Amino acid sequence: MAGSTLDQVQRLVDQLTPLDQVRLLEYLAPRIGRVVAIRSPTGPASTLNRAEAWEEFFRLGDALAARDPDVGNTLTEAVLAMRR
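This text gives an overview of the structure that appears in the document. This is a predicted model, so every value here is computed, not measured. (Residues numbered from 1 in each chain as written. Predicted model: local features only at pLDDT ≥ 70, side-chain atom pairs only at ≥ 80, totals over all residues. Heavy atoms only, no water.)

Brief notes about the overall build of the chain
- Assigned secondary structure in the chain consists of 4 helices and 0 strands.
- Reading the chain from its N terminus to its C terminus gives the helix and strand order α-α-α-α.
- For the chain, the proportion of its 84 residues judged to be buried stands at 11%.
- Considering only contacts in the chain between residues 6 or more positions apart, those separated by 24 or more positions represent 47%. (Helix = DSSP H or I, 4+ residues; strand = E, 2+ residues; numbered from the N terminus. Buried < 20%, exposed > 50% of the residue type's maximum accessible area, 1.4 Å probe, protein only. Contact = heavy atoms within 4.5 Å.)

Here it is in structure tokens:
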């Protein structure tokens, strides 16, 4: 069930404009940050300074970009375009 829900959400995100995808990312980022901070074996994310936090964010973005298929305009592509 969770797999089909994830597939549905991914299809919906692919239909969003790049701007709406960025807004979705802004909405999700704090939620993901809290989960990562709770589950992080090295301690909470608040121990990271801003530069380290951004480095980790971009490292994760690059990892996602490497896994993304070259089809359509994805959230990863929109974020990468905004970084340039």
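On we go.
A short note on the packing of aromatic side chains
- Tallying each qualifying case throughout the model produces 3 aromatic pairs.
- Relative to Phe58, the ring of Trp54 has its centre 5.6 Å away and its plane inclined at 25°; by these criteria the two rings are stacked. Separated by 4 residues within a single helix, Trp54 and Phe58 lie in helix 3 (residues 50–67), roughly one turn from each other.
- Judged by its relative accessible area of 25%, Phe58 falls in the partly exposed class. (Phe/Tyr/Trp six-rings, centres within 6.5 Å; stacked < 30°, edge-to-face > 60°.)

Remarks on the pattern of salt bridges
- Taken as a whole and assessed by the stated rule, the structure comprises 2 salt bridges.
- Salt-bridge contacts for Arg23 lead to Asp20; the nearest nitrogen and oxygen are separated by 3.1 Å. Highlighted residues: Arg23 and Asp20, both in helix 2 (residues 18–39), separated by 3 residues, approximately one helical turn.
- For Glu56, the salt bridge goes to Arg59, with nearest N and O atoms at 2.7 Å. Of this pair, Glu56 and Arg59 both sit in helix 3, 3 residues apart, which is roughly one turn of the helix.
- By relative accessible area, which is 33% here, Glu56 ends up partly exposed.
- Given a relative accessible area of 46%, Arg59 falls into the partly exposed group. (Salt bridge = Lys/Arg side-chain N within 4 Å of Asp/Glu carboxyl O.)

Examining helix 2
- The terminal C-alpha atoms of helix 2 lie 30 Å apart, and with 22 residues this matches the ideal 32 Å at 1.5 Å per residue to within 8%.
- Bending of helix 2 peaks at approximately 30° at the position of Leu28, with proline Pro30 no more than four residues after it. (Expected span 1.5 Å × (residues − 1). Bend = angle between axes of the 7 residues up to and from the residue.)

Considerations on the packing of helix 2 against helix 4 (residues 75–83)
- At a closest axis distance of 9 Å, the pairing of helix 2 and helix 4 adopts a crossing angle of 90°. The angle between helix 2 and helix 4 falls in the class roughly perpendicular. Contacts between helix 2 and helix 4 pair Pro18, Gln21, Val22 and Leu25 from the former with Leu75, Ala78, Val79 and Met82 from the latter.
- Among the residues making up the contact of helix 2 with helix 4, the classes are represented as 7 nonpolar, 1 polar and no charged. (Axes fitted to C-alpha atoms, helices over the stretch in contact; angles between N-to-C directions. Parallel < 35°, antiparallel > 145°, perpendicular 65-115°, else oblique. Nonpolar A, V, L, I, M, F, W, Y, C, P; charged D, E, K, R; others polar.)

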